[in-house]
Amino acid sequence: MRKCPRQKLADVLQDKYDPESSGFISTERFRDLLATHGSELDPHKLEVLLALADNNADGKICYQDFVNLMSNKRSNSFRRAILQGGRQLKGSALREEVGLGLSQRLVRHVAYETLPREVDRKWYFDSYTYCPPPWLILFITVAEVVVFMYYGFQLDRWVLQVSSPSYLKGPLPYHPQLRSQAWRYLSYAFMHTGIEHLSLNMAMQLLVGVPLEMVHGALRITLIYVCGVLAGSLAVSVTDMTAPVVGSSGGVYALVSAHLANVVMNWSGMKCQFKLFRMAMALVCMSVEFGRAVWLRFYPQAFPPCPNPSFVAHLGGVAVGLTMGVVILQNYEQRLQEQSLFWIFFCVYTLFVLCAVFWNVFAYSLLDVRLPPHP
């Protein structure tokens, strides 16, 4: 079987320059190897490796770091090395490259939208293959549209569907009387109060969620999104105990707030065009959507005494985005299990979930909360 260039180069490196399996080779020998076999590598990876050799003060390169690079994995030690080497990259910026196809230009655009360091942008540009495609956000969006269309035809109402007496009778929305049905703490995200609610959430979800999924993968984006949705419904059950919940705002606000916080924290490194204007527009959209939710919460009830859906789910999503979400998006090249800050926020989130569960089990009866009847 014919070996790929990266495996061939790794084998040569180990056999010729590390015959004793010490785990290290000298930077001088490493540069000789790159000069001989560098044409077989992606140009941006070769540039990173040369910068790594130039900036290694120990005079040696870890063999495992090199293997990780060839297999698209990056360890903590390698991250520190490329952060030093990134200051010495001599090639042109990714934005200046010409002759790219449409798909390559899209990947380059996504890289500049989401990643703050040029070395990361070049790494991502060489590594991304559209396989798998960003299916998660697209699937969630299509599911939300299908559910909305179903209720639109069933209720014969497209604006303020929540004003229909049958709106909360389905199996999806969260209602305090049905809080023992655990799936409702997540399934409520697929229902929306009307086309105005769905449109704003869908726009933010696609414009922010799809590029983030292309860079960070479906698993990480699922973690942020689901944690935001769950935190939203639990926050409502604790702070707005008599209100139902619908809408994907918990997950959407978790993604958007995490991304905006990441942009602010890496402001000088983010090279996306019109970033100040676009950030202002994102904040305007979030404020309009949140203002609509607050207005609807205190709008005269469609079927008293049941109140309108709560707006607190938005705040739960923001809390997840500004804590766990920021850590996940900041560490593009590292495994989450290696990040102590991620585990701290994850433990805090888990503690919140457990406390909210106990609250739902015991607090309603202890406080003698008068819940509205299920419609």
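This section reports on the structure supplied with the text. Predicted model only: the values in this text are computed from it and were never measured.

So, the overall build of the chain
Helices and strands together make up the secondary structure of the chain, namely 14 helices and two strands. Relative to its full complement of 375 residues, the chain shows a buried share of 50%. A fraction of 74% describes how many contacts in the chain between residues 6 or more apart in sequence connect residues 24 or more apart. As presented, the chain carries roughly 18200 Å² of accessible surface, and 64% of it is formed by carbon and sulfur atoms.

Let's talk about empty space enclosed by the protein
Once rolled over the atoms, a probe with the size of a water molecule shows which space is left empty. Taken as a whole and judged by the stated rule, the model has one cavity of 30 Å³ or more. The volume enclosed by the largest cavity comes to roughly 60 Å³. If you go around the largest cavity, the residues you meet are T193, H197, V246, R292, A293, L296, P309, S310 and H314. Examining the composition of the lining of the largest cavity, we find that three residues originate from one element, helix α12 (residues 275-297), more than from any other. Taken together, the residues that form the lining of the largest cavity break down as four nonpolar, four polar and one charged.

Concerning the packing of helix α13 (residues 312-330) against helix α14 (residues 340-366)
Contact geometry for α13 and α14: axes closest at 9 Å, N-to-C directions at 150 degrees. Classified by chirality, the crossing of α14 by α13 is left-handed. Between α13, through V320, T323, M324, V327 and I328, and α14, the contact on the second element is made entirely by L341, F342, F345, F346 and Y349. The class makeup of the residues in the contact of α13 with α14 is nine nonpolar, one polar and no charged.

Quick word on the pattern of salt bridges
This structure, assessed with the given rule, holds three salt bridges. In this structure, D240 engages R297 in a salt bridge whose closest nitrogen and oxygen atoms are separated by 2.9 Å. Note that D240 is positioned in the loop between α10 (195-239) and α11 (249-265) and R297 in helix α12, a separation of 57 residues in sequence. Between R292 and E289 there is a salt bridge, and its shortest N-O distance comes to 2.8 Å. Pair noted here: R292 and E289 are both in helix α12, with a separation of three residues, about one helical turn. Just as R292 is buried, E289 falls in that class too.

What counts, and at which threshold
- Residues numbered from 1 in each chain as written.
- Predicted model: local features only at pLDDT ≥ 70, side-chain atom pairs only at ≥ 80, totals over all residues.
- Heavy atoms only, no water.
- Helix = DSSP H or I, 4+ residues; strand = E, 2+ residues; numbered from the N terminus.
- Buried < 20%, exposed > 50% of the residue type's maximum accessible area, 1.4 Å probe, protein only.
- Contact = heavy atoms within 4.5 Å.
- Areas by Shrake-Rupley, 256 points an atom, 1.4 Å probe, with all protein chains shown as cover.
- 1 Å grid on protein atoms, 1.4 Å probe; cavity = no way out; pocket = protein on both sides within 12 Å on 5 of 7 lines; lining within 4 Å.
- Points joined across faces, edges and corners; volume = space filled by probe spheres on them.
- Nonpolar A, V, L, I, M, F, W, Y, C, P; charged D, E, K, R; others polar.
- Axes fitted to C-alpha atoms, helices over the stretch in contact; angles between N-to-C directions.
- Left-handed = near helix turned anticlockwise from the far one by under 90°.
- Salt bridge = Lys/Arg side-chain N within 4 Å of Asp/Glu carboxyl O.

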